[in-house]
Amino acid sequence: MKHRRLMDIDVKEKKVLVRVDFNVPMDGGTVTDDTRIRVALPTIEYLLKEGAAVILLSHLGRPRGQVVEELRLDPVAQRLSDLLEMEIKKTDSVRGPEVQEAVDELVYGEVLLLENTRFEKGETENDSELAREWASLGDVFVNDAFGSAHRAHCSNVGLGEKLPAVAGFLLEEELSALGSLARGEVEHPYMAIMGGAKVSDKIGVIEALLEKVDTLLLAGGMANTFLKAKGWEMGDSLLEKDHVSSAQEIMKRAEEMGKEIILPSDLLIAREISEESEKEVIADELIPAGWRGVDIGPATIARFKEELDKAKTVFWNGPLGVFEVDAFARGTMEVAQHMAEIQAWTVIGGGDSVAAVEKAGVAAKIRHISTGGGAALEFLEKGTLPGLEILREE
Ligand code: ADP
Ligand code: MG
């Protein structure tokens, strides 16, 4: 799919509406991680350099159509101002006369941030009246919010349908990194490591990846359901009984296609989810009642590393164990560190997965870290997203 790009249009003396993803973690009015603001800077800086007036829209949290004081974007505006080393204008409303006035007064080379888009009910409902009002504020729309592109909301899809719409630089970077993975146009062997909590969240993406990859490594909570399907006794492990049959079907499909699904051969089990818990490694397919699988075991770690050594392309989503507890983080940490060392095109997507590679201290050595969790997975599954469809070249 080809998208209209920011580089291809003239933005000089235009009012440019930009959907960014400033949905940053906050703690009592302070931005605790400004990664999402930093990654939006190239697009904003380019627009300013080209002589545009920039109007930014973003959501923060889930205010559900109401004004929630703690979810105002003032701390975000402040951080953006620090990063750009310039004054940022901000409105306290999302629409209406205050916004209109601020836009009328906006000069080329200036930045205006509107208030949290989700303070308006019409945002998540993709209300056409709200889209018309926002569209009337500018000449062009740039979507640079990859993390929200799987939602058909007003500030991306609704607005994008009403103005000439192009992809910003961050969005383009995500599309080029993830697009080749989604199409399978990568160097082989191509491997995916999938972990995390639940299979049910990820069945679609596992099925889609299976078509493209040579080998699929499964671990984490989701692998429990596959192990159960193979006849393991899982004790008190996180398990989705309703999905044992889907797991069986996926394994059958892999066999038909001659592809390998590698499951854990041993597990670290614990009595409870805590640093002090009693723990043990088992490899006999039997987790006693009162115990649960919390990480992959040493033999599985070694096997995963061996497989990674053969790979030319790797996509990883989902921690391999309950990595938030240090005592159960070894599998995730060692595999992350190994992934950072291999000579392969490595990509990571998923909120907790990104946190895990950061905890492992190797984020800088991964070739591409996606800024979209749900968006990255849905894009790999479907090859497109609602927020990208509006940018499609006719
Ligand atoms: P991502 O956000 O990267 O897509 P998920 O949200 O699917 O990942 O999964 C992350 C969660 O999965 C983590 O909170 C982790 O503790 C949990 N998890 C991983 N392995 C297990 C396990 N064996 N049992 C229970 N939870 C697990
Ligand atoms: Mg998660």
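Structure: above.
As the structure is a computational prediction, the values presented were derived from the model and not from experiment. Residue numbers restart at each chain and count upward from 1, following the sequence in its written direction. A letter from A marks each chain and a number from 1 marks each ligand, given out in the order of writing. In keeping with the model being predicted, local features are shown solely for residues with a pLDDT of at least 70 and side-chain atom pairs are shown and tallied solely at 80 or more, while totals for entire chains, interfaces and linings include all residues. Working from all heavy atoms in the structure, the side-chain values ignore hydrogens and water.

Caption draft 1: Expanded view of the site of ligand 1. With respect to spatial proximity, 17 residues lie near ligand 1, and among them Lys202, Asn317, Glu324, Asp352 and Ser353 are the closest. Contact between ligand 1 and Ala197: an oxygen atom at 3.1 Å from a main-chain N or O atom of the residue. When ligand 1 is considered free in solution it has 580 Å² of accessible area, and contact with the protein chains removes 81% of it. Numbering of helices and strands runs from the N terminus, with a helix taken as a DSSP run of H or I at least four residues long and a strand as a DSSP run of E at least two residues long. Going through the elements one at a time, α10 (220-229) and α14 (351-359) are the ones with two or more residues in the shell around ligand 1. Among the elements that line the shell around ligand 1, the one with the most residues is α14, at three residues. For this classification, Asp, Glu, Lys and Arg are treated as charged, while Ala, Val, Leu, Ile, Met, Phe, Trp, Tyr, Cys and Pro are nonpolar and the rest, including Gly, are polar. Broken down by class, the residue content of the shell around ligand 1 amounts to four nonpolar, ten polar and three charged. If a single non-hydrogen atom of a residue is within 4 Å of a molecule or strand, that residue counts as near it. Any pair of N or O atoms that falls within 3.5 Å is considered a polar contact. Within protein, one atom must be able to donate a hydrogen and the other to accept it, and sequence-neighbouring residues count only if both atoms are side-chain atoms. Only the protein chains shown count as cover for residues, and the accessible areas themselves come from Shrake-Rupley with a 1.4 Å probe.

Caption draft 2: Up close: the nonpolar core. In terms of nonpolar packing, the biggest core is built from 104 residues, with Phe22, Leu56 and Leu80 touching the most fellow members. Every residue in contact with Phe22, bar those within four places of it in the chain, is listed here: Arg36, Ile37, Ala40, Ile44, Leu56, Ser58, His59, Leu60, Val76, Leu80 and Leu113. Joining through side-chain atoms within 4.5 Å is the link that ties buried Ala, Val, Leu, Ile, Met, Phe, Trp, Tyr and Cys residues into a set, and such a set is a nonpolar core. Buried residues are those whose accessible area, probed at 1.4 Å on protein chains only, stays under 20% of the maximum for their type, while exposed residues exceed 50% and partly exposed ones sit between those limits. In terms of nonpolar packing, the next biggest core, distinct from the first, is built from 29 residues, Ile262, Ile296, Val335 and Ile366 among them. Residue contacts are defined here by distance: any two heavy atoms, one from each residue, within 4.5 Å place the two residues in contact.

Caption draft 3: Region of the structure containing the sheet that holds strand β15 (residues 313-317). A sheet is described by the order of its strands in space; here six strands give the open sequence β11-β10-β9-β15-β16-β17, paired in parallel fashion. Two strands in the sheet have a free side with no partner beyond their single neighbour: β11 (260-262) and β17 (368-369). Strands pair, by our definition, only if DSSP identifies at least two bridges between them. Alignment of β15 against strand β16 (residues 345-348), held across four bridges, turns out to be parallel. Counterpart to Phe315 in the pairing with β16 is Val347. The sheet strands contacting helix α13 (residues 330-341) are β9 (190-194), β15 and β16, and the helix crosses β15 at an angle near 150 degrees. Each axis is a line fitted through C-alpha atoms, and for a helix only the stretch in contact is used; angles between axes span 0 to 180 degrees, taken between their N-to-C directions.

Caption draft 4: Fine view of a negative patch on the surface. Residues enter patches when they are more than 30% accessible in relative terms and free of salt bridges; like-charged ones are connected within 9 Å and nonpolar ones (Val, Leu, Ile, Met, Phe, Trp, Tyr) within 5 Å. One speaks of a salt bridge when a side-chain nitrogen belonging to Lys or Arg is within 4 Å of a carboxyl oxygen belonging to Asp or Glu. By the counting scheme adopted, Arg and Lys are positive, Glu and Asp are negative, and His together with the chain ends is not counted. To locate a charge, take NZ of a lysine, CZ of an arginine, CG of an aspartate or CD of a glutamate. Judged by side-chain charge, Glu98, Glu101, Asp104 and Glu105 come together as a negatively charged surface patch. Looking at where Asp104 falls in the secondary structure, it is placed in helix α4 (residues 97-105). Relative accessible area serves as the criterion here: at 54%, Asp104 is assigned to the exposed category.

Caption draft 5: Looking closely at the sheet that holds strand β14 (residues 292-296). An order of β13-β12-β14 is seen for the three strands of this open sheet, with the pairing classed as antiparallel. Looking at strand neighbours, the two that pair on one side only are β13 (279-282) and β14, the edges of this open sheet. Strand-to-strand twist across the sheet, computed as the mean angle between neighbouring axes with direction ignored, equals 35 degrees. Of the pairings in the sheet, the one linking strand β12 (residues 267-270) to β13 comprises four bridges and is antiparallel in character. Looking at β13, one finds that Ala270 is bridged to Lys279.

Caption draft 6: Just helix α11 (residues 244-257), in detail. The span expected for a helix works out to 1.5 Å for each residue beyond the first. The first and last C-alpha atoms of α11 sit 20 Å apart over 14 residues, in line with the 20 Å expected at 1.5 Å per residue. Among the residues of α11, Val244, Ser246, Ala247, Ile250, Met251 and Ala254 are the ones counted as buried. Looking down the long axis of α11, one finds its buried residues gathered within 165 degrees of arc, a one-sided arrangement. Away from its buried face, by an angle of more than 90 degrees, α11 presents the exposed residues Glu249, Lys252 and Glu256. Starting at the helix axis, one direction is taken to each C-beta atom, and the arc is that of these directions.

Caption draft 7: Summary view of α10. Within α10, nine of the ten residues are buried, which leaves the element mostly enclosed by the surrounding structure. When we look at burial in α10, the residues that qualify are Gly220, Gly221, Met222, Ala223, Asn224, Thr225, Phe226, Leu227 and Ala229. Buried residues along α10 sit in contact with β9, α9 (203-212), β10 (215-218), α11 and β12. Gly231 lies just past α10 and shows a positive phi near 105 degrees.

Caption draft 8: Structural context of the environment of Lys382. Mapped onto the secondary structure, Lys382 falls in helix α15 (residues 374-382). Judged by relative accessible area, which is 52%, Lys382 ranks as exposed. On a C-alpha basis, the gap between Lys382 and Val205 in space is 8.2 Å, while along the polypeptide they are 177 residues apart.

Caption draft 9: Structural detail: the side chain of Thr313. If you trace the backbone, Thr313 turns up in strand β15. Within polar-contact distance, the side chain of Thr313 engages the backbone oxygen of Glu187 at 2.7 Å. When neighbours within four sequence positions are excluded, Thr313 is seen to be in contact with Leu181, Val186, Glu187, Pro189, Tyr190, Met191, Ala344 and Trp345.

Caption draft 10: Structural context of the pairing of strand β1 (residues 15-19). Within β1, five of the five residues are buried, which leaves the element mostly enclosed by the surrounding structure. Where burial is concerned, the two faces of β1 agree: the one with Lys15, Leu17 and Arg19 and the one with Val16 and Val18 are both buried. Alignment of β1 against strand β4 (residues 53-57), held across five bridges, turns out to be parallel. The partner of Leu17 across the bridge, within β4, is Ile55. Here β1 pairs with strand β7 (residues 140-143) via four bridges, running parallel. Along β7, the bridge assignment pairs Val18 with Val142.

Caption draft 11: The arrangement of the side chain of Thr43 in detail. Its place among the elements puts Thr43 in helix α2 (residues 41-49). Excluding residues that lie within four positions of it along the chain, Thr43 makes contacts with Leu6, Val18, Val142, Asp144, Gly168, Phe169 and Leu170.

Caption draft 12: Expanded view of the packing of helix α8 (residues 169-183) against α15. Orientation of α8 relative to α15, taken along the N-to-C sense of each, is 40 degrees, at an axis distance of 8 Å. Classified by the angle between their axes, α8 and α15 sit oblique to one another. Of the two possible hands of crossing, α8 and α15 adopt the one that is right-handed. Contacts between α8 and α15 involve Leu175, Leu178, Gly179, Leu181 and Ala182 on the former and, on the latter, Ala376, Phe379 and Leu380. When describing relative orientation, an angle under 35 degrees is termed roughly parallel and one over 145 degrees roughly antiparallel, while 65 to 115 degrees is termed roughly perpendicular and anything else oblique. Crossings are sorted by hand: turned counterclockwise from the far helix by less than a right angle, the near helix makes the crossing left-handed, and turned clockwise it makes it right-handed.

Limitation: the analysis is restricted to geometry and does not speak to function.
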